[in-house]
Amino acid sequence: MVYIKVLCPDCGSEDVVLYGKNTSGKQRVLCQNPECSRKTFQLEYTYNAYKPGIKQQIVDMAMNGSGTRDTGRVLGVSKDTVTAVLKKRKNSPSR
Ligand SMILES: [Zn+2]
């Protein structure tokens, strides 16, 4: 038997329970911390773009001068995903 310690990616709480599986068979996890903004997350994701924190990484790379295709290649997401994330971002600094 192997135990894997699972922490919520948002609040870092250990107060999580297994919450079924999604249609592709990946384990879902429910965070039971009442102050947490995230309710569920998965242990592994089919697409890198859904991983918690990847959108912030896209914005950080853009601020450091990485191009759209560069960012996509490094993070393993589509260049169109990178563009969509940057377009959706509110309060983006004006040029
Ligand atoms: Zn949480």
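Residues numbered from 1 in each chain as written. Predicted model: local features only at pLDDT ≥ 70, side-chain atom pairs only at ≥ 80, totals over all residues. Heavy atoms only, no water.

Attention now moves to the sheet that holds strand β3 (residues 40-42). The strands that make up a sheet are held in pairs by hydrogen bonds between backbone atoms, and each pair lies either parallel or antiparallel. Pairing is antiparallel across the open sheet formed by three strands, whose spatial order is β1-β2-β3. Edge positions in the sheet fall to β1 (16-21) and β3, since each has one partner strand and no second. The mean inter-strand angle of the sheet, taken between neighbouring strand axes irrespective of direction, is 35°. Sheet topology places β1 next to strand β2 (residues 27-31); four bridges connect them, and they run antiparallel. (Pairing = 2+ DSSP bridges. Helix = DSSP H or I, 4+ residues; strand = E, 2+ residues; numbered from the N terminus. Axes fitted to C-alpha atoms, helices over the stretch in contact; angles between N-to-C directions.)

In this structure, Cys-8 (SG), Cys-11 (SG), Cys-31 (SG) and Cys-36 (SG) serve as the protein donors to the zinc ion, at separations of 2.2 to 2.3 Å. Considering all four donor atoms around the zinc ion, the spread of angles at the metal, 105 to 115°, places the coordination shape in the tetrahedral class. Mapped onto the sequence, the donors of the zinc ion take the spacing C-x2-C-x19-C-x4-C. Residue Cys-11 is found in the segment before β1, and its partner Cys-36 is found in the loop between β2 and β3; the two are separated by 25 residues along the sequence. (Donors = N, O, S within 2.8 Å, 3.2 Å for Na, K, Ca; no water. Tetrahedral: all angles 85-135°; square planar, octahedral: opposite > 155°, others 65-115°.)

Counting across every chain of the model gives three salt bridges. Across the pair Asp-10 and Arg-38 runs a salt bridge whose closest N-O atoms are separated by 3.5 Å. A residue pair is termed long-range when its members are at least 10 positions apart, and Asp-10 in the segment before β1 and Arg-38 in the loop between β2 and β3 qualify at 28 residues. Asp-10 gets classed as partly exposed once you look at its relative accessible area, which sits at 41%. (Salt bridge = Lys/Arg side-chain N within 4 Å of Asp/Glu carboxyl O. Buried < 20%, exposed > 50% of the residue type's maximum accessible area, 1.4 Å probe, protein only.)

This part takes up the packing of aromatic side chains. In the structure shown here, the tally under the stated rule is one aromatic pair. With a centroid separation of 6.3 Å and 55° between ring planes, the pair formed by Tyr-47 and Tyr-50 is classed as tilted. Judged by its relative accessible area of 54%, Tyr-47 falls in the exposed class. Taking relative accessible area as the criterion, Tyr-50 reaches 59% and is therefore assigned exposed. (Phe/Tyr/Trp six-rings, centres within 6.5 Å; stacked < 30°, edge-to-face > 60°.)

Burial within β2 is extensive, with four of its five residues counted as buried. Where β1 hands over to β2, the hairpin turn is made up of five residues, of which Gly-25 adopts a positive phi near 90°. Relative to β3, β2 runs antiparallel, the two being bridged by three bridges. Residue pairing across strands places Val-29 opposite Phe-41, the latter belonging to β3.

So, about the environment of Asp-60. Considering the arrangement of structural elements, one finds Asp-60 in helix α1 (residues 54-63). Along the sequence, Asp-60 and Thr-71 sit 11 residues apart, while their C-alpha atoms lie 9.8 Å from each other.

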